[in-house]
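The primary structure of each chain is shown beneath.
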Amino acid sequence: MQLEGSCHCGAVSFSLDSAHPHPYQRCYCSICRKTQGGGGFAINLGGDAQSLKVRGRKHISIYHARLKDAEDKRAHRSSAERHFCSLCGSGLWLFSPEWPELIHPFASAIDTPLPVPPEHTHLMLGSKAPWVEVETHAGDQQFEVYPQESIAQWHERLGLTN
């Protein structure tokens, strides 16, 4: 499926191919919540990095989160790159050099109508904000950290691959 996305002010627009376009995975970690999730979570999709086309690239800023585990003395810089519009602050996509073939656009930046997922995965619940109420439905899965199942595997399990 071809996905079209943009920032709020229109300075940046992008497109990419996605075999896994269902917005099912809700991440409650503090990074996603604070950079992307006004409702207490963010939703990332999966896309083909080689197909990414960007207009307005000069208006993109990249943020590398600072990570610190309880046993660490110092925080370290995440290798994951969160791409934002430098003019309006809209989150656009995440890229990680650990998976160079993938781009994870934020569902909130996608303008293309997305398919409704039959179930949701709620992840990183161990770091959700205390004010967030997790709304689950029959079939939803919940994880304190990350599930073993990838975005691609979720789509395959449910027969939702393009």
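Going by an unreviewed UniProt entry, the chain carries the name GFA family protein and comes from Pseudomonas hefeiensis. Database annotation for the chain, UniProt heading Sequence similarities (unreviewed entry): "Belongs to the Gfa family."

Draft legend 1. Highlighting the nonpolar core. In terms of nonpolar packing, the biggest core is built from 19 residues, with Phe 14, Leu 92, Trp 93 and Ile 103 touching the most fellow members. Every element with two or more residues in this core is listed here: β2 (13-17) and β11 (91-95). The greatest single-element share of this core, amounting to three residues, is contributed by β11. Setting aside chain neighbours within four positions, we find Leu 92 in contact with Ser 6, Cys 7, Val 12, Phe 14, Ile 60, His 83, Phe 84, Cys 85, Pro 105, Phe 106 and Ala 109. Of all hydrophobic cores here, the second largest spans eight residues; its members include Cys 27, Ala 42, Ala 65 and Leu 123.

Draft legend 2. Here's a closer look at the UniProt feature "domain: CENP-V/GFA" (unreviewed entry) in the chain. In this structure's numbering, the residues bearing the UniProt feature "domain: CENP-V/GFA" (unreviewed entry) are residues 3-132. The span residues 3-132 shows a helical share of 5% and a strand share of 34%, and its end C-alpha atoms are spaced 29 Å apart.

Draft legend 3. Representation of the pattern of salt bridges in the model. Overall, the coordinates contain two salt bridges when judged by the stated rule. With a shortest N-O distance of 2.7 Å, Arg 157 and Glu 149 are connected by a salt bridge. Classification of Arg 157 as partly exposed rests on a relative accessible area of 42%. Beyond isolated ion pairs, a larger network of salt bridges with shared partners links Glu 119, Glu 149 and Arg 157.

Criteria and cut-off values
- Residues numbered from 1 in each chain as written.
- Predicted model: local features only at pLDDT ≥ 70, side-chain atom pairs only at ≥ 80, totals over all residues.
- Heavy atoms only, no water.
- UniProt positions renumbered as here; feature names shortened; annotations may be inferred.
- Core = buried A, V, L, I, M, F, W, Y, C linked by side-chain atoms within 4.5 Å.
- Buried < 20%, exposed > 50% of the residue type's maximum accessible area, 1.4 Å probe, protein only.
- Helix = DSSP H or I, 4+ residues; strand = E, 2+ residues; numbered from the N terminus.
- Contact = heavy atoms within 4.5 Å.
- Salt bridge = Lys/Arg side-chain N within 4 Å of Asp/Glu carboxyl O.

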